[in-house]
Amino acid sequence: MRAVLPSRRVRKRWRPQKRSDAFDARDVIYATAAAAVCLTVHLPAAQKDGASGRSAALGAGGRQVGPNIPKAAFCNLLKDNEVLQQLALQNCSDWLSDKELLPVIGQNHHLQQIELNGCVQLSRHALVAISLSCPNLRRLSLAHCEWVDSLSLRSLADHCKELESLDLTACRQLKDEAICYLAQRCNRLKSLSLAVNANVGDVAVEEIAKACPELEHLDLTGCLRVKNNSIRTLAEYCPKLRALKVKHCHDVVESSLSILRNRGVEVDVEPPLQRALVLLQDVVGFAPFINLQI
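To start, this report covers the structure provided alongside it.

Each value, and the rule that gives it
- Residues numbered from 1 in each chain as written.
- Predicted model: local features only at pLDDT ≥ 70, side-chain atom pairs only at ≥ 80, totals over all residues.
- Heavy atoms only, no water.
- Helix = DSSP H or I, 4+ residues; strand = E, 2+ residues; numbered from the N terminus.
- Buried < 20%, exposed > 50% of the residue type's maximum accessible area, 1.4 Å probe, protein only.
- Contact = heavy atoms within 4.5 Å.
- Areas by Shrake-Rupley, 256 points an atom, 1.4 Å probe, with all protein chains shown as cover.
- Salt bridge = Lys/Arg side-chain N within 4 Å of Asp/Glu carboxyl O.
- Polar contact = N/O pair within 3.5 Å; in protein donor to acceptor, adjacent residues only side chain to side chain.
- Phe/Tyr/Trp six-rings, centres within 6.5 Å; stacked < 30°, edge-to-face > 60°.
- Lys NZ or Arg CZ within 6 Å of the ring centre and 35° of its normal.

## A word on the overall build of the protein
Looking only at helices and strands, one finds eleven helices and eleven strands in the protein. Within the protein, the fraction of its 294 residues that count as buried is 44%. Taking the contacts inside the protein whose residues are at least 6 apart along the sequence as the reference set, 68% of them involve residues at least 24 apart. Summing over all exposed atoms, the protein offers an accessible surface of approximately 15,900 Å²; the carbon and sulfur share of this is 51%.

Below you can see the structure in the form of structure tokens.
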């Protein structure tokens with residue numbers, strides 16, 4: 001018995017019903033390139049087959065790849081992609097290395113935001129590749145990437161002049177000289193974290209203050225060499241500063257912080273009197289009323 005095919009007109013009505021909701025990798029990439037839509041991929045970490053069971057959300061806006069991508073899917077989806085604007089891979093640290101990342105960086109020259117927090121298997125070559133391939137980069141997160149060194153940071157500073165946000169938390173190889181070099185060349189920075197780096201001191205902070213007038217957020221948590229002088233310089237040269245974190249900076253005291261507080265800057269360290277009241281409440285179980293107008 002010979003099967004009778006439906007007419008062309010009928011087949012057109014059948015096609016959307018026949019296709020499943022799962023996108024083929026090529027469908028996602030071609031749709032992204034053609035329609036300038038948002039590519040957000042969220043795949044469970046346990047999934048090993050990059051070609052089956054995909055979940056892809058498409059919508060208007062910037063193109064991006066989300067964090068929960070297994071290795072096979074990452075390589076398959078991004079093999080020929082050249083239109084990414086955002087790349088968030090902070091949850092891929094257990095497998096992400098230069099071998100997987102560098103080809104993607106090398107062919108995506110429109111990236112504006114990259115998140116590599118905790119990707120410890122990368123090397124300085126990753127940051128050099130980013131600096132050479134992504135001239136329009138605006139946001140970069142490298143928290144706890146201890147492979148970041150002064151040479152790779154210099155490359156970033158030389159080539160990514162549009163940077164507005166940079167997270168260097170716990171990048172402990174970096175010292176004042178490298179931070180100063182960065183500040184002088186990336187003077188559009190609005191947000192910068194140098195937290196948990198005992199090598200950062202007043203020299204770097206003062207250079208940041210003088211070179212980055214657009215600075216709004218600065219995180220110096222645990223920078224033990226930072227002292228009052230650099231905080232006063234911040235107050236003088238950074239009129240747009242909105243938030244400052246100096247917890248565990250033991251040589252930064254209220255005499256310098258009060259200048260910023262009076263300007264409305266949010267500081268993560270409580271004023272001495274308020275801190276004393278909190279400690280007293282912890283000891284006696286209640287906070288006594290104190291008339292501060294006396």
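## Section: the pattern of salt bridges
It is possible for side chains of opposite charge to pair when their charged atoms get near one another. Overall, the coordinates contain twelve salt bridges when judged by the stated rule. With its nearest N and O atoms 3.9 Å apart, the salt bridge here joins Glu162 to Arg138. Taken together, the residues span a long stretch of sequence, with Glu162 in the loop between α6 (150-159) and β7 (165-167) and Arg138 in the loop between α5 (124-133) and β6 (139-141) at a distance of 24 residues. Its relative accessible area of 22% is what places Glu162 among the partly exposed residues. Look at Arg138 and you get partly exposed, because its relative accessible area is 32%.

## Observations concerning α6
For α6, the set of buried residues is Ser152, Leu153, Ser155, Leu156 and Ala157. For α6, the elements touching its buried residues are α5, β6, β7 and α7 (176-185).

## Describing α7
Among the ten residues of α7, seven are classified as buried, and the element is accordingly described as predominantly covered. Inspection of α7 places Asp176, Ala178, Ile179, Cys180, Tyr181, Leu182 and Ala183 among the buried residues, and these make up the whole buried set. In the core, the buried residues of α7 are packed alongside α6, β7 and α8 (202-211).

## Describing the environment of Asp149
Mapped onto the fold, Asp149 is located in the loop between β6 and α6. With a relative accessible area of 8%, Asp149 lands in the buried category. Ignoring anything within four residues of it in the chain, the contact list for Asp149 reads Arg124, Gln173 and Leu174. For Asp149, the side chain forms a polar contact with the side chain of Arg124, separated by 2.6 Å.

## Re the packing of aromatic side chains
The full count for this structure, using the stated rule, is one aromatic pair. The ring of Tyr181 is capped by Arg154, whose NZ or CZ atom sits 4.1 Å from the centre of that ring.

## Quick word on the side chain of Glu100
Residue position: Glu100 is located in helix α4 (residues 98-107). The class of Glu100 is buried, set by a relative accessible area of 8%. A distance of 3.3 Å separates a polar atom in the side chain of Glu100 from a polar atom in the side chain of Lys71. Within the local environment of Glu100, its side chain forms a polar contact with the side chain of Ser97, the two groups lying 2.5 Å apart. Excluding anything up to four places from it in sequence, Glu100 contacts Lys71, Phe74, Cys75 and Trp95.

## Structural notes on unusual backbone geometry
With a phi close to 65 degrees, His144 is a non-glycine residue in the positive phi region. Notably, Val196 is not glycine yet its phi reads approximately 60 degrees, a positive angle. Overall, the relative accessible area of 34% leaves Val196 in the partly exposed class.

## Comments concerning the side chain of Ser123
Its location among the elements puts Ser123 in the loop between β5 (113-115) and α5. Here Asp98 takes part through its side chain, which lies 2.4 Å from a polar atom of the side chain of Ser123. Those residues in contact with Ser123, other than ones at most four positions away along the chain, are Asp98 and Trp147.

Purely spatial values, then, with no claim about function.
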